[in-house]
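Remarks on the overall topology
Below, each chain spelled out in residue letters.
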Amino acid sequence: MSLPALDRHSVVPLYYQIQQRLLEQIRSGTLKAGEPVPSEQELAAGLGVSRMTARQALKSLCDVGLTYRERGKGTFVSANKLEKNIRQVLSFTEEMSARGMRVNSKVLSFETIPATEEIAAALRIPVQEPLVRLRRIRCAGASPMGIESSHVPERLCPDLVRTFDPSASLYQALYERYGIQMAVADEVVESALASAQEARMLKIARGSPVFLFTRVSCVQSGQPVEYVKSTYRADRYKIRNRLTRLSRELLT
Ligand code: GLP
């Protein structure tokens, strides 16, 4: 792939010029989702710049989520934003599998903690009741999509902390081992800016927009069984709602 020559007399930094040329190729569809972008070596040799300048250009595209890196393989164009279907109660594994994407989870912690007032109220349990808390970075392939912190009363899943592989599907384990099947969920979505720590985990620039989800999942009887706080990358997700309008007679 050839990129237009760089303007060496311009005040615009070379890495930025390369970034803009690659961006143009992505916008115009010359480079499509899933396709590799030129490597550091290719850019350096092809455009006559240093490896460091080429690296900086590639990194800047990764930082905004337009491309992602696969270790040992190279840098690829990200898929368009994933649509978060908030009309169905899906697990992350189900959501990704439906899109043909490989799920990876980086476990941050998996432990038993006492319920705070906020969580106890949401789950309708006494304050201090033991909760299993699982914090993970959820990835599609090698690309981090969000950070999830799930809480389930330990009473409902007594030996989960000892027996569950926390990088596997939580919903599958809850169903198969304890018969807990999520049926409905209340979810609140807010926008926020990634903190330095979140940005590091999600491989985005600090202050990038993110979605904050607070979910309370319930079983068929309406009993709440899971409280989840998640931070998802806003450059990788969009949210679609379906609205219905009551018939005119019911509106008046
Ligand atoms: C989704 C939900 C979370 C839930 C998770 C379970 O991401 N928002 O509330 O904890 O799925 O995913 P998995 O079964 O893949 O572990």
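Rules used in this analysis
In every chain, residue numbers begin from 1 and rise along the written sequence. Totals for whole chains, interfaces and linings use all residues, but because this is a predicted model, local features are given only for residues with pLDDT of at least 70 and pairs of side-chain atoms are given and counted only at 80 or more. Neither water nor hydrogens contribute to the side-chain values; these are computed over all heavy atoms in the structure. A side-chain nitrogen of Lys or Arg and a carboxyl oxygen of Asp or Glu constitute a salt bridge if their distance falls within 4 Å. Secondary structure elements are defined from DSSP: runs of H or I of at least 4 residues count as helices, runs of E of at least 2 residues count as strands, and each element is numbered from the N terminus. Relative accessibility under 20% of the residue-type maximum defines a buried residue, over 50% an exposed one, and the middle range a partly exposed one, all with a 1.4 Å probe and only protein chains included. Here a residue is considered near a molecule or strand provided that any single heavy atom belonging to it is located within 4 Å of it. Polar contacts, as used here, are pairs of N or O atoms within 3.5 Å; protein pairs need one atom able to donate a hydrogen and one able to accept it. Residues neighboring in sequence count only if both atoms are side-chain atoms. With residues, only the protein chains shown are counted as cover, and all accessible areas are computed by Shrake-Rupley using a 1.4 Å probe. Only Asp, Glu, Lys and Arg are considered charged in this grouping, and only Ala, Val, Leu, Ile, Met, Phe, Trp, Tyr, Cys and Pro are considered nonpolar; every other residue, Gly among them, is considered polar.

This part covers the pattern of salt bridges. This model, assessed by the stated rule, comprises 8 salt bridges. Here Glu148 and Arg138 are joined by a salt bridge, their closest N and O atoms 2.9 Å apart. Here Glu148, found in strand 6 (residues 143-153), pairs with Arg138, found in strand 5 (residues 130-140); they are 10 residues apart in sequence, far enough to count as distant. The buried category is assigned to Glu148, whose relative accessible area is 9%. The partner of Arg215 in a salt bridge is Glu187, with the nearest N and O atoms 2.9 Å apart. Taken together, the positions of Arg215 in strand 8 (residues 209-218) and Glu187 in strand 7 (residues 184-193) put the pair 28 residues apart, joining distant regions of the chain. Arg215 sits in the buried class, given a relative accessible area of 11%. Several salt bridges converge on common partners, so that one network encompasses Glu40, Arg51 and Arg55.

It is worth spelling out the site of the ligand at this point. The ligand sits among 16 residues. The nearest are Thr93, Glu148, Ser169, Leu170 and Glu226. Between an oxygen atom of the ligand and a main-chain N or O atom of Leu170, the distance comes to 2.8 Å. A distance of 3.3 Å separates an oxygen atom of the ligand from a polar side-chain atom of Tyr232. Taken by itself the ligand offers 390 Å² of open surface, and the protein chains cover 100% of this. Every element with two or more residues in the shell around the ligand is listed here: helix 4 (92-98), strand 5, strand 6, helix 7 (170-178) and strand 9 (224-233). Tallied by class, the residues present in the shell around the ligand amount to 7 nonpolar, 4 polar and 5 charged.

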